[in-house]
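Overview (structure and organization)
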Amino acid sequence: MKLAHNSNSSRPVLIFWIVIGWLGFAVLPWYGIEEFWTLEWLVDGYPFDSDYAPGLLLLAQGEKLWLSPLVLPLLGALAAVSLPKAHPNYARILILAGGFGAAWLIAQGFGIGLRGWNFSWLESLFGQLGDRQFGMGYGAMLVATCFLFLFTQGIAARGAVNGDVFVVSSIGFVITVVTVFVFFPIAKLLIAAFVTEENTYSVAVFFSKFLSSRLWSLDCLSGGRCGAAWNSLFLAILVGFLTTALGLVFALVATRSNFRHKKLLRALTVLPIITPPFVIGLAIILLFGLSGTVTTAVADVLGVQPTRWVYGLPGILIAQLLAFTPIAFLVLIGVVEGVSPSMEEAAQTLRANRWQVFKTVSLPLMRPGLANAFLLGFIESMADFGNPLVLGGNFDVLSTEIFFAIVGAQYDQGRAAVLAIVLLGFTLSAFYAQRFWLGKKSYTTVSGKGDSGIHPTLPFGVMIPVYSIAFIWAAFTAVIYVMIFYGSFVELWGVNNTLTFKHYETAFSIRLVEDGIRWTGSAWNSFWTTIQISALAAPLTAAVGLVTAYLLTRQSFAGKNAFEFGTMLSFAIPGTVIGVSYILAFNVPPIEITGTGVILIISFVFRNMPVGVRAGIASMSQLDKSLDESSLTLGANSAATFRRVILPLLKPAILAALVYSFVRAMTAISAVIFLVSAEYDMATSYIIGRVENNDYGLAIAYSNTLILVMLTAIALLQLFVGKTDIGRRTERAK
């Protein structure tokens, strides 16, 4: 029955993708167009102008003849429609059609570019081409997608992953997009690590840069300066441990206490994540800098000379704890809520006190969340660019070293690539250390059985330090934001403290005219672009991340470890490197998207996707696989099971992925610097321009506006996603 069900359900899917392929080849523009977001091309020469013509029409006009072999797989796939899935030719036809079509599309895309042949040996073999082609457009993108899913359906028909089309297609899709938008651009950049000045390749050049004393020096042990590699490693370990501890503290207060103002506490804990990091750095300087409020007050009271102590490790550590603790909180709150109260009540029934229950039951079941929170904190610290740039002083870290290697006077892409390899080595080590710590133990707490228990309150010995730490850190965060809020209303921050609204007026003024509203403020263009790009990137990031988490936790397939590593790779590379690698990879055909809004969306999706992956893994580790098995036994396929059973139980993970991806797109700095254009300017690049011009008031006013927008968006997302309902009591027994 199950095989028959799968066979019947696979045919409409096959027909759908064949239709998509023909739509892309015969109807939509084959090559990329500037008006990607609009339909202006419909009235601007479509379909006969070669810039807008579909592939089939280009062939009919005698142009781009290298596209003609693509007709064969599109026609060949039609032969599989009439065959049952069990027929041996069904799988062969789809694998051949999808594989050949994709291979030819890649070969002609990389072989022919803006100046004809891309490789001299092709010109020697075939002679001058006399023609050229631009990057892929709507049509080529749909045809490529068609070939991918034809191929995965053929693989599934041969019995891969029990013949599950949804799972095999999902694996194929994630592998493809991660390869194209993560491995390919990073590989383009890393190759530069072996390139000599004569444009040849040499391993010696790589090792001469890799073994540099600026990277590995331990002079700090004798009072000097340590290399950037050791500084980054030490800082990342500190940040990983401390953000995980603080995130757990706030998660416990929010879920395991009778604290009345939990909503206010949640809002306060996520404030730093929705703030451009250099703004937090400026507030820290205003408080603790050489002329800072706190520094001068303490110096006056104690009668000592003010110092620049905040620049270097202390300042970066404080700023990163403020910025990255919310990440740990967002990951851990779903995990803490997911621990089964019935298991805790069972321990209490066996005469265990609340401390014993917390220590032996609750905390061990939180290990997946703790490990994932540490890993994210570690990687975030390694990849952070804004805070070290503002507060680094003489404390060199890998991310800023990469930045200066690329944009500084040296412009040494090879050194930047070597530094990126070192950084990747550290994050890869943390990844495997996390896996070793978790081991193969089961952390399942939510099964198909009803669970009407309630979580016990924290034991008194835990509650006191948890409350104390939460209160102190929340108060400190509040002080930081008071300074940020105040700074947007003063004439000249730190010099002339006269209150004024001029910064908001300059950025966001509007004027009513006869034909409507005119947005006259200087920040409106970047503001609306940022909202649009972030709103499009967030759901895509969450979708890809959670599907990937489902595959990693629920499916077994060859290359699973490499698959998981690939999904984390973009998160381990600094945004600076991501930005430069995207320019190198996507500035020429076959994917020519530099200067468009598409490249911004793609960079945000694959830069932030690991958060959705880790949050999904942490939450799915607590869902019993019997839930999936019951659904499959009742006749639902994997796609329906994922949509109707798994997703409703992942609301905390979905919310975490949506919130994080949206706000990180709104506040991203490092990659954005390289990818924005005159048409697609982002808020952070505008703010950095104001900071560089010492216009701190306007920069902070814009940041405050972004904070308000993101708080509103988070509230709407919480309302839309809702909470996970698994049948527990909501009131504590008296």
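Further up the page is the structure itself.
Note that the structure is a prediction, hence the values are computed from the model and not measured. (Residues numbered from 1 in each chain as written. Predicted model: local features only at pLDDT ≥ 70, side-chain atom pairs only at ≥ 80, totals over all residues. Heavy atoms only, no water.)

1. Things to note about the packing of helix 23 (residues 524-554) against helix 26 (residues 597-620)
Remark: helix 23 packs on helix 26, axes separated minimally by 6 Å, with the N-to-C direction vectors making an angle of 40°. Accordingly, the angle class assigned to the pair helix 23 and helix 26 is oblique. Where helix 23 crosses over helix 26, the handedness of that crossing is right-handed. Of the residues that constitute the contact of helix 23 with helix 26, the class distribution is 17 nonpolar, eight polar and one charged. (Axes fitted to C-alpha atoms, helices over the stretch in contact; angles between N-to-C directions. Helix = DSSP H or I, 4+ residues; strand = E, 2+ residues; numbered from the N terminus. Parallel < 35°, antiparallel > 145°, perpendicular 65-115°, else oblique. Left-handed = near helix turned anticlockwise from the far one by under 90°. Nonpolar A, V, L, I, M, F, W, Y, C, P; charged D, E, K, R; others polar.)

2. Focus on unusual backbone geometry
A cis geometry characterises the amide bond from Pro589 onward to Pro590, with omega recorded as 10°. Along the chain, Pro590 falls in the loop between helix 25 (575-586) and helix 26. Phi at Asn162 is positive, roughly 60°, even though this residue is not glycine. Relative to the helices and strands, Asn162 resides in the loop between helix 6 (138-157) and helix 7 (165-190). Owing to a relative accessible area of 78%, Asn162 belongs among the exposed residues under this scheme. (Buried < 20%, exposed > 50% of the residue type's maximum accessible area, 1.4 Å probe, protein only.)

3. Observations concerning the environment of Tyr702
Assignment of secondary structure puts Tyr702 in helix 32 (residues 696-721). Look at Tyr702 and you get buried, because its relative accessible area is 0%. Spatially, the C-alpha atom of Tyr702 lies 9.9 Å from that of Arg690, the residues being twelve residues apart in sequence.

4. Topic: a nonpolar patch on the surface
Taken together, the side chains of Ile106, Phe110, Phe119, Trp121, Leu125 and Phe126 define a hydrophobic patch exposed on the protein surface, amounting to about 670 Å² of accessible area. When residues of the nonpolar patch are traced back to their parent elements, those giving at least two are helix 4 (88-111) and helix 5 (120-126). Among the elements that make up the nonpolar patch, the one with the highest residue count is helix 5 (three residues). Structurally, Phe110 is set in helix 4. Of the residues examined, Phe110 reaches a relative accessible area of 35% and is grouped as partly exposed. (Patch = residues over 30% accessible without salt bridge, like charges linked within 9 Å, V, L, I, M, F, W, Y side chains within 5 Å. Areas by Shrake-Rupley, 256 points an atom, 1.4 Å probe, with all protein chains shown as cover. Salt bridge = Lys/Arg side-chain N within 4 Å of Asp/Glu carboxyl O.)

5. Digging into a negative patch on the surface
Taken together, the side chains of Glu40, Asp44, Asp49 and Asp51 define an acidic patch exposed on the protein surface. By the secondary structure assignment, Asp44 is in the loop between helix 1 (2-26) and helix 2 (55-60). (Lys, Arg positive; Asp, Glu negative; His and termini not counted. Charge placed at Lys NZ, Arg CZ, Asp CG, Glu CD.)

6. Concerning the packing of helix 17 (residues 367-383) against helix 26
Remark: helix 17 packs on helix 26, axes separated minimally by 9 Å, with the N-to-C direction vectors making an angle of 165°. As far as their axial angle goes, helix 26 and helix 17 are roughly antiparallel. Note that helix 17 runs across helix 26; the crossing there is left-handed. Residues Gly369, Asn372, Leu375, Leu376 and Ala383 of helix 17 form the contact with helix 26, whose participating residues are Arg607, Val611, Arg614, Ile617 and Ala618. (Contact = heavy atoms within 4.5 Å.)

7. A closer look at the packing of aromatic side chains
Tallied over the full model, the rule gives 41 aromatic pairs. Plain terms: the ring middles of Phe206 and Phe207 are 5.2 Å apart, the flat faces sit at 80° to each other, and that makes the pair edge-to-face. Here a set of aromatic residues connected by ring pairs shows up, and it is made of Phe194, Phe206, Phe207, Phe210, Trp216, Trp230 and Phe426. Sitting over the ring of Tyr311, Arg308 keeps its end group 4.4 Å from the ring centre. Residue placement shows Arg690 over the ring face of Tyr686; its charged tip is 5.6 Å from the ring centre. (Phe/Tyr/Trp six-rings, centres within 6.5 Å; stacked < 30°, edge-to-face > 60°. Lys NZ or Arg CZ within 6 Å of the ring centre and 35° of its normal.)

8. Some points on the pattern of salt bridges
Counting across every chain of the model gives six salt bridges. For Asp131, the salt bridge identified is with Lys64, shortest N-O distance 3.1 Å. Within this pair, whereas Asp131 is found in the loop between helix 5 and helix 6, its partner Lys64 is found in the loop between helix 2 and helix 3 (71-76), the two being separated by 67 residues in sequence. The exposure class of Lys64 is buried, given its relative accessible area of 11%. Salt bridges sharing partners connect three or more residues here, namely Arg214, Glu401 and Arg415.

9. Let's talk about helix 17
Its 17 residues give helix 17 an end-to-end C-alpha distance of 24 Å, which sits within 8% of 24 Å, the value for a rise of 1.5 Å per residue. Burial within helix 17 is extensive, with 16 of its 17 residues counted as buried. (Expected span 1.5 Å × (residues − 1).)

The quantities given are spatial measurements derived from coordinates; they are silent on function.
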